[in-house]
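Observations on the model geometry
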Amino acid sequence: MANGQWYPPEWPDRIRALAAGTLTPVEARRAATVMLLKDTGTGTVVHMLRRRTSMAFAGGAYAYPGGGVDPRDDDRAVGWTGPTRAWWANRLGVDENTAQAIVCAAVRETYEESGVLLAGPGPDTVVGDTTGADWEAERAALVARDLSFAEFLDRRGLVLRSDLLGAWARWITPEFEARRYDTWFFVAALPEGQRTRNASTEADRTVWITPDQAVAGYDRGDLLMMPPTVATLRSLSAHPTAAAALAAAPEQDLEPVLARARLDGDEIVLSWPGHEEFTKHVAAGTPAGPARGAAR
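Scope of this entry: the structure provided in the associated data block. (Residues numbered from 1 in each chain as written. Predicted model: local features only at pLDDT ≥ 70, side-chain atom pairs only at ≥ 80, totals over all residues. Heavy atoms only, no water.)

With that settled, the discussion passes to the sheet that holds strand β14 (residues 280–282). As summarised here, the arrangement of the 3 strands in space is β12-β13-β14, forming an open sheet in which the pairing is antiparallel. Only two strands of the sheet have a single partner each, and these edge strands are β12 (260–264) and β14. Strand-to-strand twist of the sheet, defined as the mean angle between neighbouring strand axes without regard to direction, takes the value 20°. As paired elements, strand β13 (residues 267–271) and β14 share 3 bridges and run antiparallel to each other. (Pairing = 2+ DSSP bridges. Helix = DSSP H or I, 4+ residues; strand = E, 2+ residues; numbered from the N terminus. Axes fitted to C-alpha atoms, helices over the stretch in contact; angles between N-to-C directions.)

Given below as structure tokens:
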């Protein structure tokens, strides 16, 4: 049975062009995404959104809140508590400025797309309800890039709670994709008193779903997803609570996963090292696109 693996129709031509040397890969933009978790009576659930089908990248696919780094995310004025920038630089395998930018992007994008803010007045506190009109005006200013995250935190007298995040995985968009991201995946528990909402203009639906249910929907072909989403959902399934997932985060492998494509005669073989389930064999002339039954 076909699953819901996202597969753009232009990939075969772009893969052949890359192999022929007529396609130059674009630089991967740094990005971050957060798997928000909460415990329920029936198990731990993760917050997911469905990207609008009109989106140029992964339209119709289920994903987590996230997005690209704002150039101002490495602003040294960002209020910060929890593990230091040096600690995060070591964990993420980057320099300190880049580490701050990635962590800030994770927190900022989660707030922009779900209304959840991993920040508080001090190192042991976190904000409560963020749904008021004044909060919404500032969230919209962040989205429009009229306000930097450092300025937003300063206005509110808040510090970013880096201790509420756990780094989970790193995936890089294939070289043959037109829009490329070098994305760090994080886990975080939904703070008490806060609630998610569909605050993103890029999504037409949001759900709280157990990792097992999400993966089952993908396996049936009912839910369209990119390989990193499926892989992280499968790895989350081993942890029964949000606290357990956060506790396991320091042991997760952050070696970047980058898809490879090779030509075998007229056939394209597409693979993600270490994740054999996503390997695709595409024969010449085979129509590409999402699997039958995938969410649109």
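The next point concerns the environment of C104. Among the secondary structure elements, C104 is positioned in helix α3 (residues 96–114). Sequence separation between C104 and D70 is 34 residues; the distance between their C-alpha atoms is 8.8 Å. Once you skip the residues sitting within four places of it in the chain, C104 turns out to touch D73, V78, W80, F149 and L160. (Contact = heavy atoms within 4.5 Å.)

Here we take up the pairing of strand β9 (residues 181–189). Successive side chains on a regular strand alternate, one facing one side of the sheet and the next facing the other. The buried count for β9 comes to 7 of 9 residues, which makes it a mostly enclosed element. In terms of strand pairing, strand β1 (residues 29–40) meets β9 through 9 bridges, oriented parallel. Across the sheet, the residue bridging to L37 is A189, located in β9. Summarising the sheet, strand β8 (residues 166–172) and β9 pair through 6 bridges and their orientation is antiparallel. Bridged to R170 within β9 is W184. (Buried < 20%, exposed > 50% of the residue type's maximum accessible area, 1.4 Å probe, protein only.)

Glancing now at the environment of H47. Following the sequence through the fold, H47 ends up in strand β2 (residues 43–51). Setting aside residues up to four positions removed in sequence, H47 forms contacts with L36, A63, Y64, P65, S114, T196, T206, V207 and W208.

All right, on to the nonpolar core then. In terms of nonpolar packing, the biggest core is built from 42 residues, with M48, W168 and M225 touching the most fellow members. Ranked by the residues each element gives to this core, the list is headed by helix α7 (residues 227–236), at 4 residues. In terms of nonpolar packing, the next biggest core, distinct from the first, is built from 40 residues, V34, I102, L147 and L153 among them. (Core = buried A, V, L, I, M, F, W, Y, C linked by side-chain atoms within 4.5 Å.)

This part covers the side chain of Q194. When you line up the elements, Q194 lands in the loop between β9 and β10 (203–209). Polar side-chain contacts of Q194 include one of 3.0 Å to the backbone oxygen of V127. (Polar contact = N/O pair within 3.5 Å; in protein donor to acceptor, adjacent residues only side chain to side chain.)

Bringing the environment of T130 into the picture now. If you trace the backbone, T130 turns up in the loop between β6 (119–120) and α4 (133–143). Owing to a relative accessible area of 2%, T130 belongs among the buried residues under this scheme. Sequence spacing of T130 and W87 is 43 residues, and the spatial spacing of their C-alpha atoms is 29 Å. With residues up to four places along the chain from it excluded, the contact list for T130 reads Y111, G115, L117, W135, Q194 and R197.

Attention shifts here to the pattern of salt bridges. Close approach of charged atoms allows side chains of opposite charge to pair. For the coordinates displayed, the defined rule picks out 17 salt bridges. The shortest N-O distance in the salt bridge between D129 and R195 comes to 3.8 Å. Residue D129 is located in the loop between β6 and α4, and its partner R195 is located in the loop between β9 and β10; the two are separated by 66 residues in the primary sequence. Assessed through its relative accessible area of 42%, D129 is described here as partly exposed. The closest approach of N and O atoms between R155 and E138, which form a salt bridge, is 3.9 Å. Of this pair, R155 sits in helix α5 (residues 149–156) while E138 sits in helix α4, placing them 17 residues apart in sequence. Judged by its relative accessible area of 59%, R155 is exposed. (Salt bridge = Lys/Arg side-chain N within 4 Å of Asp/Glu carboxyl O.)

This part takes up α5. Restricting attention to buried positions, one finds in α5 the residues F149, A150, F152 and L153. Along the long axis of α5, the arc covered by the buried residues comes to 160°, so they all point the same way. Residues D154 and R155 are exposed on α5 and point more than 90 degrees away from its buried face. Lining the buried residues of α5 we find α3, β6, α4 and β7 (159–161). Note on α5: the residue one or two positions beyond its end, G157, has a positive phi of about 65°. (Arc of directions from axis to C-beta.)

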